[in-house]
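Examining the three-dimensional arrangement
Residue strings, one per chain:
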Amino acid sequence: MSPHLSCSPLYWLRRGIAVTALLFTASASAPLSAQPAPTLDAASADAFARAARARPRPVTRATVITTAPVIDGRLDDAAWQSIDPITDFIQRELNEGVPASERTEVRIATDGEFLYVGARMFDREPHLIVPGEKVRDVPLANSDYFAFILDTYRDQQNGFVFATTPAGVEYDGQVIREGEGGGSFAGGQTRAQAGAMGGFNLNWDASWSVATQIDSLGWTAEFRIPFFTIRYEGGGEQTWGLNLSRSIRRKNEELYWSFIPRQFNLYRLSLAGALEGVQVPQRRIQTITPYVLGSSQQTWPAAPAALTAQSQRVGDVGVDAKIGLTQALTLDLTYNTDFAQVEVDDQRVNLTRFPIFFPEKRPFFLENAGVFSAGTPQAVDLFFTRRIGIDEFGNQQPILGGGRLSGRVGGATVGLLQMVTDAPVEGTDAQSFTVARSIKEIGTRSRVGGMFVQRMNARDAADANRTYAFDGRLGIGQEWTIDAWGARTESRARAGDDLGYSVRGAYQTRNWSNSARVTQVGADFNPEVGFMSRPAGYRLTEVNLLRWFRRPEWAWFRHWNPHFSWREFRGLSDNFRQTGYFHIDVTEIELASGTRFGPELNISQEGLQQPFEISPGVVLAPGQYQWHTVGFDYTTNPSADLWATGRFDVGEFWTGTRRGGSGTVTLRRGATFSGSVLLDYTDVRLPQGNFVRSLSALRLNYFFTPRLFVQTLTQFNNQQRIGSANIRVGWLNTAGTGLFIVFNDGRVAESFFDWQRPQQRTMFVKFTRQFGTSG
């Protein structure tokens, strides 16, 4: 036996569990309710759930007011006193259908210019309210919150989400397809989420106001949503889809006005209630957002002896404009587009032979991103905006400008994008990118759509790549969903099998979450402006089975969810097994607090048809390989002041063994400070050679107010021998505009604490301001 594994995998697993237990103990410092939730027997729980599912969808009305309330979070204006509140909230979690343990009152009003929402969250223990961090779009699950969703087109599939926490943050996002992205998880990538590029776009930042207060009765929230910041059809009095949600974090209660079964969430618009009497104006949005930028950059040549930096100072200006052609159709224009204020990418460790997916973070491309999404997110994205203005190493390239048309026409969702990038280096050419998209909703949960994507050389029209695609979804009741897409590409010098398709079926109930998928990608399928997680020429078969078990009589217990997944990639021409993966987890448990843990068994299969250099000098020969690993993943209470998440892995790996894992520990102090440390370490021992892969990151955040913050991120990756530091100071105004000061430093490094020769250092000062509202 190898010396570094003189102990069994079970020994290392026990060590991991022991470390995790310490973190579980630390997380117990989270506030606990002095009035624990009453327990239920199974029969009572089933009766509550059946009654909730039988409830009719509720209806309320927006009260017309003539005097607008002051948005200060106090709810003492005369306008609120004359409105009958919405009070009938019931649980989605912990106990489906059970009445709320605390009273909630919501009032909705309109004056023809704004939609006002006032919410009073009563709480008999206000000192135990969990306020969360003061950062826009903070994860809501870690704190108390109040949220609502508006289905302005009443198509039961698309909507706008607005939310806040007791800390007074702004949280908003766009929902498309009821938040269902249908992504695929691939090894070495982030876990596919509906929000990535599929169903929920958290990065949509609108112009609106909210204020909150914590007092002896609980906490309050007061919203003012300008009608010009959202999209709708026509003017006059309308009826919109509406749902309201509240979380009482320490009690682990998630409450809804229109009941949502626990297998779904707020985005399930086909189960929403109705808001009548919404008086909307005929005005259209008209805004212009100029920016001014000053930057300084130092670059050191690669030669080790070079000590003199090449310096460059640049001043620049640019502008974005938003023009409402109708209430439902908006034209966005951008000139000399810049994204200096955008967060840097998190570094990643890659032990596979396939590319890593990095998400889009640039605001212009994130708005309405779901409209332009087609394919299988993170596996076969038919359009991936990072192909525009970002090279393969993550460096930004100059974008001259472009435009985007998006919204609704004739009951269909449409999108048209045109962007032009400058030649990044001498000897290359500028590129033109065109995307056209149309989606038609059918019934409550079904749709069909088409898409066209093109990249064209600005000097040589024959140098082009095109993708033609269609997709659709068939919703059968609330349980069954069938997704499908098909596409063909055109590329110069590629005339073979250029077709791709995928079909996915999913079955979801309160007890089951199952899905199966078949994807086929031809050898010459080449969506250059998309993302593919592996080279073309394969067929994927995938099955996922998950069963939820709950014990309502255990107040501390949320569920046990044993699950199994299998996927296999085979070559189209030779049926060669490229990848196989079995994931077996029969012990994963989640507690009511959000703590989750469980061991698992993973069986990996990889087929090599050519040598694979997994690490410099470590080469694996062609052939079929199979290995087993034991893993243990965990997450402690994420609402605690100190919490952790991560996993341990130990066992076989290719021709040898591996051990290690990753973990993140986060510390919070109230709503103003948070810091986290990430450690990712893998020790690989193979007959062909040994190596270690490690990644370290330190993230610090201080929030003076929800709109004034300082954020730092320091990272080291031994795979690339790079250390990087990023400091961002933001003083926000509205819709993501304001003053930004950004400092980046990159160096050759040997460890997190041993930084050596500098590579590049930049500093940006950017000010952007939005003018205009509607007209």
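Above this text sits the structure in question.
Structure report, in brief. The structure presented is a predicted model; accordingly, all values stated were derived computationally and were not measured. (Residues numbered from 1 in each chain as written. Predicted model: local features only at pLDDT ≥ 70, side-chain atom pairs only at ≥ 80, totals over all residues. Heavy atoms only, no water.)

**Quick word on the packing of aromatic side chains**
Counted according to the given criterion, the structure contains 32 aromatic pairs. With a centroid separation of 5.4 Å and an interplanar angle of 10°, the aromatic rings of tryptophan 554 and tryptophan 556 are classed as stacked. Residue classification places tryptophan 554 among the partly exposed residues on the basis of a relative accessible area of 34%. Among the aromatic residues, ring-to-ring pairing joins Phe146, Phe148, Phe160, Phe162, Trp204, Trp208 and Phe223 into one connected group. The ring of phenylalanine 122 has arginine 120 sitting right over it, with the charged end atom 5.6 Å from the ring centre. If you follow arginine 408 out to its NZ or CZ, it ends over the ring of tyrosine 153, 4.5 Å from the centre. (Phe/Tyr/Trp six-rings, centres within 6.5 Å; stacked < 30°, edge-to-face > 60°. Buried < 20%, exposed > 50% of the residue type's maximum accessible area, 1.4 Å probe, protein only. Lys NZ or Arg CZ within 6 Å of the ring centre and 35° of its normal.)

**Brief notes about the pattern of salt bridges**
Summed over the entire model, instances satisfying the criterion amount to 56 salt bridges. Arginine 647 serves as the salt-bridge partner of aspartate 649, at 2.8 Å between the closest nitrogen and oxygen. Judged by its relative accessible area of 11%, aspartate 649 falls in the buried class. With relative accessibility at 23%, the residue arginine 647 sits in the partly exposed group. A cluster of three or more residues bridged by salt bridges with shared partners is formed by Glu178, Glu180, Arg268, Arg445, Arg473, Asp483 and Arg504. (Salt bridge = Lys/Arg side-chain N within 4 Å of Asp/Glu carboxyl O.)

**Points about unusual backbone geometry**
A cis amide bond, omega 0°, links glutamate 93 with the succeeding residue leucine 94. Topologically, leucine 94 is positioned in the loop between strand E3 (90-93) and strand E4 (104-110). Phi angles above zero are rare outside glycine, and glutamine 156 is one such case at about 65°. Secondary-structure assignment places glutamine 156 in the loop between strand E6 (145-151) and strand E7 (159-164). You will see that tryptophan 654, though not glycine, has its phi angle at about 50°, which is positive. We classify tryptophan 654 as buried; its relative accessible area is 8%. (Helix = DSSP H or I, 4+ residues; strand = E, 2+ residues; numbered from the N terminus.)

**Observations regarding the sheet that holds strand E2 (residues 63-64)**
Taken in spatial order, the five strands make up an open sheet running E2-E4-E5-E11-E10, and their pairing is mixed. Edge positions in the sheet fall to E2 and strand E10 (209-215), since each has one partner strand and no second. Two elements, E2 and E4, share two bridges in a ladder whose sense is parallel. Looking at E4, one finds that valine 64 is bridged to threonine 110. (Pairing = 2+ DSSP bridges.)

Structural measurements only, silent on function.
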